[in-house]
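Topology and contacts: notes
Next come the chains, spelled out residue by residue.
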Amino acid sequence: MGKPSKEKMIEMYRAMVKIRKTEQKLMEVFSNGEILGFLHVSIGQEAAPVGICSHLTEADYIATTHRGHGHAIAKGIDLKMAMAELFGKKAGYCLGRSGSMHLADKSRGIMGANGIVGAGIPIATGAAFAAKYKKTDQVAVATFGEGATGEGAFHEALNFAAIKKLPIVYLCENNGWAEFSPMSIHAPVQSVTKRALAYDIPAVSVANDVLEIYEEAGKAVERARKGEGPTLIEVRSERWYGHYVGDAQKYRGKENVAQAMAKDCLLNFEKGLLESKVLKKQDIEKINTDLDAEIEEAVRFARECPYPEVSEMMEGLYL
Amino acid sequence: MKDIRYIFAIKEAMEEEMDRDENVFLIGEDVGLAGGSFGASKGLYEKFGPDRIVDTPISELGFTSLAAGAASCGLRPIVEIMFMDFVTCCMDSIVNQIAKMRYMFGNQYTVPIVIRMPEGGGLNAGPQHSQCLEAWFAHVPGLKVVMAANPYDVKGLLKSAIRDENPVIFIENKTLHAMKGSIPEEEYLIPIGKADVKREGTDVTVVSASRLVNESLKAADLLSKEGISVEVVDLRTIQPWDRETVFTSIAKTHRLVVAHEAVKQFGFGAEIAAAVAEEILDELDAPIMRVGAPFVPASYSLEKYYVPGAEDVKKAVLATMERTF
Ligand SMILES: Cc1ncc(C[n+]2csc(CCOP(=O)(O)OP(=O)(O)O)c2C)c(N)n1
Ligand SMILES: [Mg+2]
């Protein structure tokens, strides 16, 4: 597998910037009160979703988490419809019924973010089961945090997938924090890879580096497609901001936050692309301004769309 | 027509639907090699193989959510939960995921899944192997809840449940597994959401489901000797339940007893009683009586006193006959 092509790297860079900028915009409109409920951003963690989704087609599946905007964007979700959902508008993917924690796009295999920690892991495993059952070459990905690996759902899913050699990649973004608790409080191991040992699932831990993730993800996806079974990848990612927007992180030293921000997966990738002359300064500026415009347009669209009617609330419960 | 036991009627329903649609598969503990803890899948492993009769680790949450994922990717899983009590281990899967996937994701996904489980006493199996928890599921928007009282019903209802595009909680009863009944040789379906008047009568309506339907029929026999004519309505589906049939019957008899094996408090009978009070109270000539188990965990040694039966239904009918407004 190895390194991505030049075109692929530009695409990956673009996706990472798109995630970063979209979430920065979301923080702004959330603070305005234009988005309700809870908002969990993944700023600082953009490398993982892009690293894995670069190997997936629209037919492949992904089930994500409460911190799931990045995966949805990396899997190609339509930004306007996603933004409309976040704004609670009828034009949104879920008809404005569900918001940030439930972004889903069936047409692109996005099986939904999830408000229940760990719940997406067996659901993605079910998608892998369906792919194997129907003898397609589709692959499923479950993404989750290190906190989720304390849930039974994680263990039950890995056990089953290993027994049946299902085509799935378990992608754990270990950002070191589960809400307000460091991993030392809730796990006897400091690397999630050790958890995979019990299920005889090959596991690897990689830095918050999109090219490293790309390489390991490539091997894992290929393994899955060839019917060789599941792989677990742990990405040692960094959470810059609070658990949710508005969390002042009083439980976390300023130094810890500064260290996290210093490991900026986006900036590092950008530097590398400039050094290796894959991109020039002007290219980067253009990508950034184009994305600003795209995101602005999505927000404008979401703002202007109507809310669902109260009279529509009772629709769609059963088919 | 042919005679068949309830448990084999379940098997026939699954087998026929698996023959008809290759996307239907069965998943659960001991369903494959062992043929099911109660024998519901006997022979199916040999016929369909391990890809479609899927033995699982002991992991109710894991395999129920897995089935949900598979259902949203185009398959039609039948999940077997060995005892209804064990469904408590997969409440996230059923309540937060399966029940909500369609609505929550803006109708993008349908989750055609059937989750079968036997409830009730009868084996002296005690507090953690005898519960009737149907009301929990009936309380969650997005699920359908079906209960079958005899071999004919269980086959026709299960086939419909498998074809339904919505998640169905399909509740069997352990004491009914051995029950014999006669069913047609040819294929038939029983619609979900329709009640069945199992016996016509004019004095009192007894609304019930599952095993208590049969107990209510016994009570009706006993009461007919005392000159009381009981109409027995089998809900068959608890959610969504058939108001029309229930209300029509009450408009005829003007008296109502609701009977289930689950504990009386907050059981499905409470919902029916409340709906009747809200909508057709003026049809009633007497207070509504409820039959259900006492509000304690199921008893091991005293099970026969714990589980409600025909005598309890009879008492409730007599009580409502005595108390004309
Ligand atoms: C079943 C369940 N328990 C608790 C919560 C509350 N909760 C939301 S996110 C979270 C922490 C998750 O940590 P991790 O899996 O590491 O993901 P991260 O937030 O770091 O991305 C908790 C405890 C929940 N949503 N669901
Ligand atoms: Mg975490």
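Conventions used here
Residues numbered from 1 in each chain as written. Chains lettered and ligands numbered in written order. Predicted model: local features only at pLDDT ≥ 70, side-chain atom pairs only at ≥ 80, totals over all residues. Heavy atoms only, no water. Helix = DSSP H or I, 4+ residues; strand = E, 2+ residues; numbered from the N terminus. Rg over C-alpha atoms; globule rule 2.2 N^0.38 Å. Contact = heavy atoms within 4.5 Å. Areas by Shrake-Rupley, 256 points an atom, 1.4 Å probe, with all protein chains shown as cover. Lys, Arg positive; Asp, Glu negative; His and termini not counted. Charge placed at Lys NZ, Arg CZ, Asp CG, Glu CD. Near = heavy atom within 4 Å. Polar contact = N/O pair within 3.5 Å; in protein donor to acceptor, adjacent residues only side chain to side chain. 1 Å grid on protein atoms, 1.4 Å probe; cavity = no way out; pocket = protein on both sides within 12 Å on 5 of 7 lines; lining within 4 Å. Sits in = over half its atoms within 2 Å of the grid points. Nonpolar A, V, L, I, M, F, W, Y, C, P; charged D, E, K, R; others polar. Core = buried A, V, L, I, M, F, W, Y, C linked by side-chain atoms within 4.5 Å. Buried < 20%, exposed > 50% of the residue type's maximum accessible area, 1.4 Å probe, protein only. Domains from an automatic or database assignment. Expected span 1.5 Å × (residues − 1). Pairing = 2+ DSSP bridges. Right-handed = clockwise from strand over helix to strand, strands pointing away. Axes fitted to C-alpha atoms, helices over the stretch in contact; angles between N-to-C directions. Salt bridge = Lys/Arg side-chain N within 4 Å of Asp/Glu carboxyl O. Donors = N, O, S within 2.8 Å, 3.2 Å for Na, K, Ca; no water. Tetrahedral: all angles 85-135°; square planar, octahedral: opposite > 155°, others 65-115°. Buried area = accessible area lost by both parts, 1.4 Å probe.

The number of helices and strands found in chain A is twelve helices and seven strands. For 319 residues, the compact-globule formula gives about 20 Å, and the C-alpha radius of gyration of chain A, at 19 Å, lands near that figure. Dimensions of chain A, computed from the C-alpha atoms along their principal axes, are close to 55 × 50 × 40 Å. The contacts of chain A with a sequence gap of at least 6 include a subset with a gap of at least 24, amounting to 73%. As presented, chain A carries roughly 13,200 Å² of accessible surface, and 54% of it is formed by carbon and sulfur atoms. Between the averaged position of the 40 positive side-chain charges in chain A and that of its 42 negative side-chain charges there is a distance of 3 Å.

A few words on the site of ligand 1. All names here are of chain A. As a matter of local geometry, ligand 1 sits amid 15 residues, with His 66, Arg 67, Gly 147, Asn 175 and Trp 177 nearest to it. Here an oxygen atom of ligand 1 and a side-chain polar atom of Arg 67 are 2.7 Å apart. Contacts to ligand 1 include Gly 147, whose backbone N or O atom sits 2.9 Å from an oxygen atom. Here ligand 1 has 580 Å² of accessible area as a free molecule, and 74% of this is covered by the chains. Under a 2 Å grid-point criterion requiring more than half of the atoms, the pocket assigned to ligand 1 is the largest pocket. Tallied by class, residues from the shell around ligand 1 come to five nonpolar, six polar and four charged.

Residues Phe 129 and Tyr 170 of chain A together with Ile 272 of chain B are the most contacted members of the largest nonpolar core, which totals 157 residues. Considering each element in turn, this core owes the most residues, eleven residues, to helix α1 (residues 6-31) of chain A. Taken together, domain 1 (2-183) and domain 2 (196-322) of chain B each give at least three residues to this core, which thus spans both. Non-local contacts of Ile 272 of chain B, meaning those with residues more than four positions away in its chain, are made with Val 207, Leu 235, Trp 241, Val 246, Leu 256 and Val 258 of chain B. Counting residues in hydrophobic clusters, the runner-up holds 31 residues, among them Ile 4, Ile 53, Ile 162 and Ile 192 of chain B.

Right, let's get into α1 of chain A. A rise of 1.5 Å per residue sets the reference length of α1 of chain A, with its 26 residues, at 38 Å; its end C-alpha atoms lie 38 Å apart and thus fit the reference within 8%. Directly after α1 of chain A, the chain includes Gly 33 of chain A, whose backbone phi takes a positive value near 85°.

What follows is about the pairing of strand β13 (residues 256-263) of chain B. Residue and element names in this part refer to chain B. With seven of its eight residues buried, β13 lies for the most part within the structure. Bridge count between strand β10 (residues 204-208) and β13: four bridges; the pairing is parallel. Paired with Thr 205 across the bridge in β13 is Leu 256. Each parallel crossover has a hand, and the one from β13 via helix α10 (residues 268-280) to strand β14 (residues 289-293) is right-handed.

Okay, the sheet that holds strand β7 (residues 168-173) of chain B next. Residue and element names in this part refer to chain B. Taken together, seven strands build an open sheet; the order of strands is β3-β2-β4-β5-β7-β6-β12 and the sheet is mixed. The two strands at the open ends of the sheet, each matched to only one other strand, are β3 (53-55) and β12 (237-239). Averaged over all adjacent pairs, the angle separating strand axes in this sheet is 20°, with direction ignored. Across six bridges, the pairing between strand β5 (residues 114-119) and β7 is parallel. In the strand pairing of β7, Val 114 is matched with Val 168. Contacting β2 (24-28), β4 (76-80) and β5, helix α3 (residues 60-72) runs over the sheet at an angle of about 170° to β4.

So, on to the side chain of Glu 134 of chain B. Residues and elements named next belong to chain B. Structurally, the position occupied by Glu 134 is in helix α6 (residues 134-138). It turns out Glu 134 is buried and unbridged, and the closest side chain with the opposite charge, Lys 174, is 11 Å from it. Look past the residues within four positions of Glu 134 in its chain and what remains in contact with it is Met 84, Glu 119, Val 145, Met 147, Ile 171, His 260, Ala 262 and Phe 268.

Moving on: the coordination of the magnesium ion (ligand 2). Residue and element names in this part refer to chain A. Taken together, the protein donors to the magnesium ion (ligand 2) comprise Glu 146 (OE), Glu 146 (OE), Asn 175 (OD1) and Trp 177 (O), at separations of 2.1 to 2.7 Å. Note that the magnesium ion (ligand 2) binds six donor atoms; their angles at the metal cover 51 to 176°, and the shape is irregular. For Trp 177, a relative accessible area of 12% puts it in the buried group.

Turning our eyes to something else, we now look at the domain arrangement of chain B. Residue and element names in this part refer to chain B. For chain B, the assigned domains read domain 1 (2-183) and domain 2 (196-322). Centre-to-centre, using C-alpha coordinates, domain 1 lies 26 Å away from domain 2. Domain 1 puts 28 residues into the contact, and the matching count from domain 2 is 23 residues. Here domain 1 packs against domain 2, burying approximately 1,900 Å² in sum over the two surfaces, 55% of which is carbon and sulfur. When the buried surface of domain 1 facing domain 2 is broken down by residue, Asn 124, Met 147 and Ala 149 rank first, second and third, together holding 25% of it. Viewed at the interface, domain 2 and domain 1 are joined by two salt bridges. For Lys 198, the salt bridge is made with Asp 153, and the minimal N-O distance between the two is 2.7 Å. Remark: the boundary between domain 1 and domain 2 carries eleven residue pairs in polar contact (both at pLDDT 80 or more). Among the secondary structure elements, those contributing two or more residues to the side of domain 1 that touches domain 2 are α6, β6 (144-147) and α7 (151-163). The element contributing the most residues to the side of domain 1 that touches domain 2 is β6, with four residues.

What follows is about the pairing of strand β3 (residues 168-173) of chain A. Residue and element names in this part refer to chain A. Counted residue by residue, β3 has six buried out of six residues, so it is predominantly covered. Of the two faces of β3, the one carrying Ile 168, Tyr 170 and Cys 172 and the one carrying Val 169, Leu 171 and Glu 173 are both buried. Each parallel crossover has a hand, and the one from strand β2 (residues 140-145) via helix α6 (residues 152-164) to β3 is right-handed. By the bridge criterion, five bridges tie β3 to strand β7 (residues 231-236) in an arrangement that is parallel. Across the sheet, Glu 173 pairs through a bridge with Val 235, a residue of β7.

This part is about unusual backbone geometry. Residue Gln 239 of chain B is joined to Pro 240 of chain B through a cis peptide bond whose omega torsion reads -5°. By secondary structure assignment, the location of Pro 240 of chain B is in the loop between β12 and α9 (243-253). In this structure, Lys 277 of chain A is a non-glycine residue whose phi angle is positive, near 60°. Topologically, Lys 277 of chain A is positioned in the loop between α11 (265-275) and α12 (281-304). Judged by relative accessible area, which is 67%, Lys 277 of chain A ranks as exposed. Residues other than glycine seldom take positive phi values, yet Arg 236 of chain B does so here, at roughly 60°. Secondary-structure assignment places Arg 236 of chain B in the loop between β11 (230-234) and β12.

Taken together, the 40 residues of chain A in the interface contact 43 residues of chain B. Roughly 3,400 Å² is buried in total at the junction of chain A and chain B, and carbon and sulfur atoms are behind 63% of that figure. Of all residues in chain A, Tyr 133, Tyr 318 and Leu 319 of chain A bury the most surface against chain B, accounting for 21% of the area lost on that side. The tally of links from chain A across to chain B stands at zero salt bridges.

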